[in-house]
Amino acid sequence: MRYYCKPIAVALPATNFHSQSVKIHLRFPFFLTVSGIGFRRKLGSDRICGLLESEDRFKFWSHLHWNSSVNDKLENSKSGFGMFGGVFTPCTLTILGVIMFLRLGYVVGQAGVINAVIIIVISTLITLLTTLSLSAIATNTEVKGGGAYFLISRSLGVEFGGAIGLVFFLAQAISVAMYVIGFAEALVASILPGVSTRVVATTCNIFVFACVYIGAGWTIRLQYVILAILLASLASFYFGAIPAFDPALFQANLSSSFDGETFFTIFALFFPAVTGIMAGANMSGDLKDPARSIPTGTLLSILFTGSIYLSLALLMGGVRTSDVLANIDGNSLVIADVSAIPFLITAGVIAATLSSALGSMMGAPRILQAFAKDNVFPALRPFSFGSGFTNEPRRATVLTFVFSQAAVFLVADLNSIAPLITMFFMLTYGLLNLATFYEAITKNPSYRPRFRYSHWVTSLAGALGCLGVMFLMDWIWASVAIIGMGVLYFYISQKQVETRWGDLQRGLLFERTRKNLLKLERELHHPKNWRPIILALSGASWERPHLAVYGHWFTAGHGVLTLGYVIQGEVENRLERLVSQERILYSFIQDQKLEAFPAVVVAPTIPAGMESLVQIHGLGALRPNTVLIGWPTDPRKVAAFSATLRSIASLERSVVAMRFGESALEGDSRAVPLGTIDVWWRGHQNGELMLLLAHLLAQNPEWRSRPIRLLRMIENEAGRAEVQKHLEGLIVQSRINATPHVVVSDNAAEGIQRTSRSAALVFLGMALPDDEHADEFYQRMSSLAGNLSRVVFVKSAGGMSINS
């Protein structure tokens, strides 16, 4: 080992730390340690922290350098299992487990050979369809630790992933209990008669826990020995059953002999036997090449174990009567009576149950560790940390042991615990199929699996098959399981967990939005469907949020609001500011809690930028139909303001100009003033839009106590009754809750200011000026508004109707 004063970039193995963020590293005193390859060297935490204080925190000045041979040893020291050891063997040993030895005879005896074959085929088909979906997702993304949880959360989102992560962890943990109980039943029946099943199961559970706690590498090597014992026990059965096969007895056992059971209760009992297909996926974080190993190893395991189960069921039907197979005499190990060497069957049972328990005990902690790393539930965060160079999830292993041991104490009966596990696994498989189905139908460009034998039809069939089987087995428990999943989903969604990965929900939303936009584009517009799509423009900055807040109130729950901003200058000189201003505007929207979108453009002048936004902003039919701007307080800007109004109107957009008094600007933008909402009616041209905007404003919870007044000014008393009746008719036609008021005055400005001086907001219509009369227009409208605090000037482009 040599050290050089040389600047290099050091790549630290991710498994040595609990986060890829250097900031997180600095929270803990640590040493850079290389061990287990013939030497041990440490570089103190104070030294590393000093090195990390350089300008680039991802590359830092290091005095540490080691030769290539040491680097090679370090890379090779990382655990990485292949397809056979990491996937095929765990899957096969988990599938060929306790139910094959202790309950397959019961299944054949109760259901008959034909129904038993149907049960095996349906179960295998569901797992095969699920494996096709699993293979598609596993070859479409970089698979890390967590198995089914990782795949579902990265597809359907953290809500579904979080719910299934908890459920699948519990299923795996309880599976350990099922396997050790099976081990205890076999041992008590053959070797230790009279000994408590719970005591034997507890002893086995402790042994399994100890094996897994040491590390996955040692456990995988142990499984090779178990696989050899298991194959020897199967060979013993075949050598004993084939010569003893009786066609007449087989013919008699074809039909069912249900005694206290039904087809679906037997199915629920058998299905956990084939649920080991996730044993390899659960080890995804420990595989050399998960994308290659998971599909190949799992499919080969399903074909291999499926053929074994079918052959065993057929042979059992021809060697013993249905009463014997159904365990009428209390012998649950019928398969041993048939085999050539009965001792090998006992050894096979012990080996199978141990291997299945080991597989589940290895898988469950890795699911919990991956789930805890995503920090969905902060209380589980301690279980995200691993131990040693291979990042063994020892804390999660301890919790798995606690749950499995609790299940041993509470339910020491294999027939009771198997259906419960079936529901858990069905939910997991169903959601995995659903994730692949949605990935396929949304046509997401990122969905490019290298596995080509999965289609949305197979994924949908797998999801529907899982759902159907759940309800056919036990509709009550199926409903409870789905409701429980829904509660977990709702709880996680309410937490608004921030994720660092993209998921399928965004793809689904995009596809649905795309189709709806195209459909909306093809349909003719009708005034009944008019909604405010408002583009709010500020000539300066959005530091005063009053205009944005009123735009939000006009559109909240009914329309779309965009906050526009124009940067004056040339595009090539303003690119950095463009990006910066978009971030600032987005932050402003979040801080103000607005339902709005940001839009920033660069233009030679402010009016030119506004015109560009009005013309090009939007998509399809979702283009702004209303432009919201502020009323100028500087008379020198009147000419430009007038030109902007004419440009907007020429583009057939309605104009809403808001004039705030100084007192209104100084107050809280969210504070709703006391008083009425006054709409001054002068005709349908602008009146319909004013009345609709007043109605939309009053729909906000903050404004519901502010009554709307529909006002009309006349010059003499003689016309009051007729105008009153006209206003009442307008209110009836519009179906808007408002009260009519007729004001008699020969001075419009005086009448408006006197009547609306206590109003919260005043709507006034306006006619656009030509270029020569811009100042006159500005003075006239300003005189009408007078000292009113909040005035909305409206020029409607049509498109809506209060009669619709």
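Just so it is clear, the model here is predicted, and its values are computed rather than measured.

(A) Seen up close, the overall build of the protein. In terms of helices and strands, the protein carries 31 helices and 14 strands. Relative to its full complement of 804 residues, the protein shows a buried share of 52%. Long-range contacts, defined as pairs at least 24 residues apart, comprise 80% of the intrachain contacts of the protein with a sequence gap of at least 6. Put simply, the protein shows about 36,700 Å² of open surface, and 58% of that area lies on carbon and sulfur atoms.

(B) The arrangement of the nonpolar core in detail. In terms of nonpolar packing, the biggest core is built from 137 residues, with M100, F237, F270, M278, Y309 and M426 touching the most fellow members. The leading source of residues in this core is helix 8 (residues 158-190), at 19 residues. If sequence neighbours within four positions are ignored, M278 has contacts with T130, L134, A148, F168, Q172, Y429 and L432. Counting residues in hydrophobic clusters, the runner-up holds 57 residues, among them A536, A596, L689 and I736.

(C) A look at the packing of aromatic side chains. According to the stated counting rule, one finds 28 aromatic pairs in the structure shown. Judged by centre distance (6.0 Å) and plane angle (55°), the rings of W631 and F777 are tilted. In this pair, W631 sits in the loop between strand 8 (626-630) and helix 26 (638-650) while F777 sits in helix 31 (residues 774-785), placing the two residues 146 residues apart along the sequence. F777 shares its class with W631; the two are buried. Among the aromatic residues, those joined into a cluster by ring pairs are F168, F267, F271, F425 and Y429. R394 extends its terminal NZ or CZ atom over the ring of Y213, reaching a point 5.3 Å from the ring centre.

(D) How the structure looks around the packing of helix 8 against helix 21 (residues 475-495). The contact between helix 8 and helix 21 brings their axes to 8 Å, and the two run at 130°. Taken together, the axes of helix 8 and helix 21 are oblique relative to one another. The two elements helix 8 and helix 21 meet at a crossing, and its hand is right-handed. Every residue of helix 21 that contacts helix 8 at V158, E159, F160, G162, A163, I164, L166 and V167 is listed here: M485, L488, Y489, I492 and S493. Its residues placed into classes, the contact of helix 8 with helix 21 shows ten nonpolar, two polar and one charged.

(E) Seen up close, a nonpolar patch on the surface. On the surface, L464, L467, F471, W475, I476, W477, V480 and I482 cluster together into a nonpolar patch covering about 800 Å² of accessible area. It is helix 21 that provides the largest number of residues to the nonpolar patch, a total of five residues. Looking at where F471 falls in the secondary structure, it is placed in helix 20 (residues 456-473). Judged by its relative accessible area of 35%, F471 falls in the partly exposed class.

(F) Structural detail: the side chain of T644. Tracing the chain through its elements places T644 in helix 26. T644 sits in the buried class, given a relative accessible area of 6%. Leave out the neighbours within four places in its chain, and T644 touches P607 and M610.

(G) Geometry of the pattern of salt bridges. Under the criterion given, the structure shown has six salt bridges. Note that R720 is salt-bridged to E717, the shortest N-O span being 2.4 Å. In this structure R720 comes out as partly exposed when scored by relative accessible area, which is 30%.

(H) Quick peek at the environment of A210. By secondary structure assignment, the location of A210 is in helix 9 (residues 197-214). Along the chain, A210 and V398 lie 188 residues apart, while their C-alpha atoms are 9.7 Å from each other.

(I) Summary view of the sheet that holds strand 13 (residues 761-765). Read from one edge to the other, the open sheet built from ten strands follows the order 7-6-5-8-9-14-13-10-11-12, with strand pairing classed as mixed. Of all the strands in the sheet, the pair left with one neighbour each is strand 7 (597-603) and strand 12 (738-744). Averaged over neighbouring strand pairs, the angle between their axes works out to 25° when direction is ignored. Pairing of strand 5 (residues 533-538) with strand 8, which is carried by three bridges, proceeds in the parallel orientation. Bridge pairing in strand 8 places A536 opposite L628. Lying over the sheet, helix 25 (residues 606-616) contacts strand 5, strand 6 (560-568), strand 7 and strand 8, oriented at roughly 145° with respect to strand 6. On top of the sheet, helix 29 (residues 720-734) reaches strand 11 (708-714) and strand 12; it is set at about 155° to strand 12, its chief contact.

(J) Representation of helix 20. Taking 1.5 Å per residue, 18 residues should reach 26 Å; helix 20 reaches 26 Å between its end C-alpha atoms and fits that length. For helix 20, the complete set of buried residues consists of S459, G462, A463, C466, V469, M470 and M473. In an axial view of helix 20, the angular spread of the buried residues amounts to 135°, which keeps them on one side of the axis.

(K) Spotlight on the pairing of strand 5. Among the six residues in strand 5, six count as buried, and that is most of the element. For strand 5 and strand 6, the ladder comprises six bridges, and the chain directions are parallel. Each residue of the ladder has a partner; that of L535, found in strand 6, is T562.

(L) Fine view of unusual backbone geometry. A positive phi angle, close to 60°, is found at E652, a residue other than glycine. Positionally, E652 belongs in the loop between helix 26 and strand 9 (654-660). Relative accessible area serves as the criterion here: at 65%, E652 is assigned to the exposed category. The phi torsion at R735 lies on the positive side, around 60°, for a residue other than glycine.

(M) Up close: helix 26. The end-to-end C-alpha distance of helix 26, which contains 13 residues, comes to 18 Å, matching closely the 18 Å that a straight helix rising 1.5 Å per residue would cover. All buried positions along helix 26 are accounted for by V638, F641, S642, T644, L645, S647 and I648. Each element contacted by the buried residues of helix 26 is listed here: helix 25, strand 8, strand 9 and helix 31.

(N) Representation of the side chain of Q172 within the structure. Its location among the elements puts Q172 in helix 8. Not counting chain neighbours up to four residues away, the residues in contact with Q172 comprise M278, N282, S360, A364, I367 and F425.

(O) Quick look at the environment of S307. Looking at where S307 falls in the secondary structure, it is placed in helix 14 (residues 290-316). When its relative accessible area of 42% is taken as the criterion, S307 is described as partly exposed. In sequence terms S307 and V121 are 186 residues apart; their C-alpha atoms lie 9.8 Å from each other.

(P) Layout of the pairing of strand 10 (residues 677-680). Side chains I677 and V679 of strand 10 all project onto a buried face; the interleaved residues D678 and W680 project onto the opposite face, where all are buried too. Here strand 10 runs beside strand 11; their pairing, made up of four bridges, is parallel. Its bridge partner being in strand 11, D678 is matched across the sheet by R709. On the question of chirality, the crossover connecting strand 10 to the parallel strand 11 by way of helix 28 (residues 684-698) is right-handed. Judged from the three bridges that link them, strand 10 and strand 13 form a sheet pairing that is parallel. Each residue of the ladder has a partner; that of V679, found in strand 13, is F763.

(Q) How the structure looks around the confidence of the model for the protein. Summing up the model confidence of the protein, the mean pLDDT is 80 and the portion of residues at 70 or higher is 86%. Contacts for the low-pLDDT stretch residues 1-79, under 50 throughout, to residues beyond four places or in other chains number 89 contacts.

What counts and what doesn't
- Residues numbered from 1 in each chain as written.
- Predicted model: local features only at pLDDT ≥ 70, side-chain atom pairs only at ≥ 80, totals over all residues.
- Heavy atoms only, no water.
- Helix = DSSP H or I, 4+ residues; strand = E, 2+ residues; numbered from the N terminus.
- Buried < 20%, exposed > 50% of the residue type's maximum accessible area, 1.4 Å probe, protein only.
- Contact = heavy atoms within 4.5 Å.
- Areas by Shrake-Rupley, 256 points an atom, 1.4 Å probe, with all protein chains shown as cover.
- Core = buried A, V, L, I, M, F, W, Y, C linked by side-chain atoms within 4.5 Å.
- Phe/Tyr/Trp six-rings, centres within 6.5 Å; stacked < 30°, edge-to-face > 60°.
- Lys NZ or Arg CZ within 6 Å of the ring centre and 35° of its normal.
- Axes fitted to C-alpha atoms, helices over the stretch in contact; angles between N-to-C directions.
- Parallel < 35°, antiparallel > 145°, perpendicular 65-115°, else oblique.
- Left-handed = near helix turned anticlockwise from the far one by under 90°.
- Nonpolar A, V, L, I, M, F, W, Y, C, P; charged D, E, K, R; others polar.
- Patch = residues over 30% accessible without salt bridge, like charges linked within 9 Å, V, L, I, M, F, W, Y side chains within 5 Å.
- Salt bridge = Lys/Arg side-chain N within 4 Å of Asp/Glu carboxyl O.
- Pairing = 2+ DSSP bridges.
- Expected span 1.5 Å × (residues − 1).
- Arc of directions from axis to C-beta.
- Right-handed = clockwise from strand over helix to strand, strands pointing away.
- pLDDT = per-residue confidence, 0-100.

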